[in-house]
Amino acid sequence: QVQLVESGGGLVQAGGSLRLSCAASGRTSSSIDMGWFRQAPGKEREFVSVISWIGGSTTYADSVKGRFTISRDNAKNTVYLQMNSLKPEDTAVYYCAARASSYLPYNYWGQGTQVTVSS
């Protein structure tokens, strides 16, 4: 089992920045990819970004490319999402997720953290 705990959400004005953190515990050695997803009210959950635990390769959704940066600290078993130039449409609950392989679905999820961007 892998436990994920997100933090760092909050209220920010458009153009501002926030950094989300996701602390992983448990069998973290079984997690290969760590991803961020978000779900806005009335919308489906969508992919934001992913980083491989080994090698550190990253992928971003087009909607956040150039504004968000995902990173990891293996020693702390923590993944970060630096969000800059935030827009009102970034408002959502942000979830951290983990999976054992890039070919498998995400099977571990955090509880989510609310990000609200005011115009």
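Just above, that's the structure.
Calculation criteria
Every residue gets a number counted from 1 within its own chain, in the order that chain's sequence is written. Thresholds applied to this predicted model are a pLDDT of at least 70 for local features of residues and 80 or more for the giving and counting of side-chain atom pairs; totals over whole chains, interfaces and linings are not thresholded and use all residues. Where side-chain values are given, they derive from all heavy atoms of the structure, hydrogens and water being excluded. As used here, the term nonpolar core means buried Ala, Val, Leu, Ile, Met, Phe, Trp, Tyr and Cys residues forming a set that is joined through side-chain atoms within 4.5 Å. The cut-offs for exposure are 20% and 50% of the maximum accessible area for each residue type, with area from a 1.4 Å probe on protein chains only; residues under the lower value are buried, those over the upper are exposed, and the others partly exposed. Every helix listed is a DSSP run of H or I at least four residues long, and every strand listed is a run of E at least two residues long, numbered separately from the N terminus. Contacts were defined at the residue level, with two residues in contact if any of their heavy atoms lie within 4.5 Å. Two strands make a pair as long as DSSP finds a minimum of two bridges between them. Axis angles are defined between N-to-C directions and span 0 to 180 degrees, where every axis is a line fitted to C-alpha atoms and, for a helix, only to the segment in contact.

Engineer: What's the story with the nonpolar core in this structure? I'm lost.
Structural biologist: Counting residues in each nonpolar core, the largest one holds 29 residues, and the members touching the most others are L4, M34, W36, L81, M83 and Y94. Elements with a minimum of two residues in this core: β1 (2–7), β3 (18–26), β4 (33–39), β5 (46–52), β7 (68–73), β8 (78–83), β9 (92–99) and β11 (113–118). In this view, L81 contacts L18, R19, L20, W36, V48, S49, F68, T69, I70 and Y94; residues no more than four positions away in its chain are not counted.

Engineer: Looking at this model, I keep getting lost on the sheet that holds β8. Mind explaining?
Structural biologist: Sheets are built from strands paired through backbone hydrogen bonds, the pairs being either parallel or antiparallel. If you trace the four strands from one edge of the open sheet to the other, you get β1-β3-β8-β7, paired in antiparallel fashion. Taken across any chain shown, the strands that pair with only one partner, and hence form the sheet edges, are β1 and β7. Averaged over all neighbouring strand pairs, the angle between strand axes comes to 15°, with direction disregarded. Pairing of β3 with β8, which is carried by six bridges, proceeds in the antiparallel orientation. Residue pairing for β8: L18 is matched across the bridge by M83.

These values are about where atoms sit, not about what they do.
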